[in-house]
Amino acid sequence: METLESIPQDGNIDEQDITTFHDTKQEETEYKEVFVQSFTQAVDTIEKEQIFNDKDFNICLLDIDGVLFKDNMVKLPIVSHFSDTEISERTKKAYNRLVSITKGNLVISTNRGEKEKLIFNSGKVLNQVKQLVKSNGNNTPIFTGLFKQKPGLTTENISNIYQNPNMISEKRVLKPKIDALVHYIGKLATEKDYSRYSITCIEDWSIVSLNRKDFLVYVSDQLKQLYGIEIEEIRNYVIKR
């Protein structure tokens, strides 16, 4: 059974109100949602709670729509071309602080694809994100095309493809999706021994993607299967304006 603490009935969140969602199922990995008002507030809370330290492994998965871009129109088809795709100075400062807090254990993860430019204006949006990363100089990796709603569908079975050469063409480029993200995290997590392992996420609340837990639990399960890493806690900071 799941519980939701202190969510206002009208759906609005007061300026200082941070509400927490707990998954009370008896699972090896605890999943927790912390509702905040903005990206800056999410960074403030992460810093205050001191969940990044030298003895524990933690990595932050940062979404972009509704997080780095405040204008919700950026998420809408066609209309996104008329939205504000500039990243504000306040957001840039919060991002730089997050890089420092996480000690570089930060990745940007998004459903957006690099080649999509006509409907969701992804080319322009991702270009702004790349400029943000470049300006910081930390080389934060950007994982695109994740399709978080159905995480198991985005992996490429390369062995099967090479057994069927007809599936390969000069125009086809094999790009691993969530599996690449899992291997990146796995490499970082196995560089030394840690006392515990966690995953942190920052994303926005959306009516079209209420199954936020699935993607993060999938990553956690893959880390266990492929690297023997036991993720004890997944903490998701959800921006709900």
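Note that the coordinates shown come from a computational prediction; the quantities given were computed from them, not determined experimentally. (Residues numbered from 1 in each chain as written. Predicted model: local features only at pLDDT ≥ 70, side-chain atom pairs only at ≥ 80, totals over all residues. Heavy atoms only, no water.)

(A) Geometry of the overall build of the chain. Looking only at helices and strands, the chain features six helices and eight strands. Listed N to C, the secondary structure of the chain is β-β-β-α-β-α-β-α-β-α-α-β-α-β in terms of helices and strands. In the chain, which comprises 241 residues, the share counted as buried stands at 47%. Put simply, the chain shows about 13200 Å² of open surface, and 50% of that area lies on carbon and sulfur atoms. (Helix = DSSP H or I, 4+ residues; strand = E, 2+ residues; numbered from the N terminus. Buried < 20%, exposed > 50% of the residue type's maximum accessible area, 1.4 Å probe, protein only. Areas by Shrake-Rupley, 256 points an atom, 1.4 Å probe, with all protein chains shown as cover.)

(B) Region of interest: the environment of K92. Position of K92 among the secondary structure elements: in helix 2 (residues 89-101). Among the residues examined, K92 registers a relative accessible area of 29% and is labelled partly exposed. For the pair K92 and N136, spaced 44 residues apart in sequence, the C-alpha separation works out to 9.0 Å. Every residue in contact with K92, bar those within four places of it in the chain, is listed here: I87 and L132. (Contact = heavy atoms within 4.5 Å.)

(C) Representation of the packing of helix 1 (residues 39-49) against helix 2 within the structure. Axis separation between helix 1 and helix 2 bottoms out at 9 Å; the angle between their running directions is 25°. Here helix 1 is positioned roughly parallel relative to helix 2, judged by the angle of their axes. Handedness of the helix 1/helix 2 crossing: left-handed. In this structure, helix 1 uses F39, T40, V43, D44, I46 and E47 to contact helix 2, whose residues at the interface are R90, T91, A94, Y95, R97, L98 and I101. When the residues that make up the contact of helix 1 with helix 2 are grouped by side-chain class, the tally is seven nonpolar, two polar and four charged. (Axes fitted to C-alpha atoms, helices over the stretch in contact; angles between N-to-C directions. Parallel < 35°, antiparallel > 145°, perpendicular 65-115°, else oblique. Left-handed = near helix turned anticlockwise from the far one by under 90°. Nonpolar A, V, L, I, M, F, W, Y, C, P; charged D, E, K, R; others polar.)

(D) Representation of the pairing of strand 7 (residues 197-204). Within strand 7, eight of the eight residues are buried, which leaves it mostly tucked inside the rest of the structure. Of the two faces of strand 7, the one carrying Y197, I199, C201 and E203 and the one carrying S198, T200, I202 and D204 are both buried. As judged from the six bridges shared by strand 4 (residues 57-62) and strand 7, these two strands associate in the parallel manner. When the bridges of strand 7 are listed, L61 appears paired with C201. By the bridge criterion, eight bridges tie strand 7 to strand 8 (residues 231-239) in an arrangement that is parallel. Residue pairing in the sheet places T200 in a bridge with R235 of strand 8. (Pairing = 2+ DSSP bridges.)

(E) Looking closely at unusual backbone geometry. Backbone geometry at Q50 places phi at a positive 50°, although glycine is not the residue there. If you trace the backbone, Q50 turns up in the loop between helix 1 and strand 4. Positive phi is not limited to glycine here, since N139 has a value of about 55°. Relative to the assigned elements, N139 resides in the loop between helix 3 (122-136) and strand 6 (142-143).

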